[in-house]
Amino acid sequence: MIDNNNILIISPTYNEIQNIELFINSVLELNLNLLIIDDGSPDGTAQIVKKSKKYNKKLFLIERSHKMGLGSAYREGFSWFLNSEYSHCVEMDVDFSHTFEDLKKILSKLSFGDMVIGSRYIKGGGSKGWDRRRKALSKYANLFSRSILNSDLNDLTSGFRSFNKHALTEIEFNSITTNGYGFQIEMAFNAEKAGLTILEVPITFEERRLGQSKMNLQITFEAVMLLFKLFIKRKK
Ligand SMILES: Nc1nc2c(ncn2[C@@H]2O[C@H](COP(=O)(O)OP(=O)(O)O)[C@@H](O)[C@H]2O)c(=O)[nH]1
Ligand SMILES: [Mg+2]
């Protein structure tokens, strides 16, 4: 097992005042390191980060001026990680949709691959708190993406996943311009294309209890356009 001291959790935030403190404490309790990328949240999320005793020790913050999207935040986080001493990083939402129980499962697999994806669509995985419509939408969007991209992965849009430094060097994440679900799809697509070892572990996605989702129709549209683009690229 990789020592938690060598692992960096990367979490973008926008208006997560109701979740951030408990999330920070839950991560630090496990002796993990945490990088928050906050997009100038008007609710003061960044101020809570800076108040922590572990600020600039095991907890770090990149503050950006305004909301620039999840993908853009992760690209900045990945560059920070590549320049750091840590060996692995994990993408994780701060709204507790990604559970700490599942995090432990991902961490236990780190040494077996370049990338570990927390997957809702393999045996043992699923989602809680979503209505039937949203469940079906996500599931079929994934099946559709998988066949369009000729991918072996079952959850291309999952935002709960880990990388080692080799993976992030090979993926060329800085050439990706999508920001929502499309960003996760493109990262996974590039990882497969680069021939990385990718594992999937089952997770249960739990709908957030506090605060609001930032995903919207524009982000869904962006993902659909990306699928078209990658489909055409693949045919060439
Ligand atoms: N820095 C930053 N974080 C974001 C942005 N959009 C979403 N997030 C964060 O990304 C995570 C996932 O977003 P969320 O709205 O919960 O998406 P959902 O779970 O698909 O409904 C949360 O921790 C958000 O605070 C953004 O534009 N910038
Ligand atoms: Mg969420």
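Provided above is the structure to which this section pertains.
Scoring rules and cut-offs
Residues numbered from 1 in each chain as written. Chains lettered and ligands numbered in written order. Predicted model: local features only at pLDDT ≥ 70, side-chain atom pairs only at ≥ 80, totals over all residues. Heavy atoms only, no water. Pairing = 2+ DSSP bridges. Helix = DSSP H or I, 4+ residues; strand = E, 2+ residues; numbered from the N terminus. Axes fitted to C-alpha atoms, helices over the stretch in contact; angles between N-to-C directions. Contact = heavy atoms within 4.5 Å. Near = heavy atom within 4 Å. Polar contact = N/O pair within 3.5 Å; in protein donor to acceptor, adjacent residues only side chain to side chain. Areas by Shrake-Rupley, 256 points an atom, 1.4 Å probe, with all protein chains shown as cover. 1 Å grid on protein atoms, 1.4 Å probe; cavity = no way out; pocket = protein on both sides within 12 Å on 5 of 7 lines; lining within 4 Å. Sits in = over half its atoms within 2 Å of the grid points. Phe/Tyr/Trp six-rings, centres within 6.5 Å; stacked < 30°, edge-to-face > 60°. Buried < 20%, exposed > 50% of the residue type's maximum accessible area, 1.4 Å probe, protein only.

Participant: Which parts of the structure should I look at to understand the sheet that holds strand S2 (residues 33–38)?
Facilitator: Strands pair in a sheet through their backbones, by hydrogen bonds, and they do so in one of two ways: parallel or antiparallel. As summarised here, the arrangement of the seven strands in space is S3-S2-S1-S4-S7-S5-S8, forming an open sheet in which the pairing is mixed. Looking at strand neighbours, the two that pair on one side only are strand S3 (59–63) and strand S8 (198–202), the edges of this open sheet. The mean angle between the axes of side-by-side strands here comes to 20 degrees, regardless of whether they run parallel or antiparallel. Pairing between strand S5 (residues 115–119) and strand S7 (residues 161–164): three bridges, direction antiparallel. Each bridged residue has a counterpart across the sheet, and for Met115 the counterpart in S7 is Phe163. Here helix H3 (residues 70–82) sits on the sheet and contacts strand S1 (7–13), S2, S3, strand S4 (88–91) and S7; the angle it forms with S1, its principal contact strand, is near 155 degrees.

Participant: So what exactly am I meant to see when it comes to the site of ligand 1 here?
Facilitator: Residues in contact with ligand 1 amount to 20 residues; listed here are only the nearest, Glu16, Asp39, Arg208, Ser213 and Lys214. One of the backbone N or O atoms of Ile37 is found 3.0 Å from a nitrogen atom in ligand 1. At 3.5 Å, a backbone N or O of Val94 approaches an oxygen atom of ligand 1. Here ligand 1, which alone exposes 580 Å², has 96% of that area covered by the protein. Under a 2 Å grid-point criterion requiring more than half of the atoms, the pocket assigned to ligand 1 is the largest pocket.

Participant: Even after reading the chapter, I still don't get the packing of aromatic side chains, so can you show me in this structure?
Facilitator: Enumeration according to the criterion identifies 10 aromatic pairs in this entry. Their ring planes at 70 degrees and their centres at 5.3 Å tell us that Phe78 and Phe163 sit as a pair that is edge-to-face. With Phe78 in helix H3 and Phe163 in strand S7, this residue pair connects regions lying 85 residues apart in the sequence. Note on accessibility: Phe78 and Phe163 belong to one class, buried.

Participant: I tried to follow unusual backbone geometry on my own but got confused; where do I start?
Facilitator: With glycine set apart, most residues show a phi of negative sign, and most peptide bonds adopt trans. A positive phi is found at Asn15, a non-glycine position, where the angle reads about 50 degrees. Residue placement: Asn15 occurs in the loop between S1 and helix H1 (20–29). At Asn31, a residue that is not glycine, the phi angle is positive and equals roughly 65 degrees.

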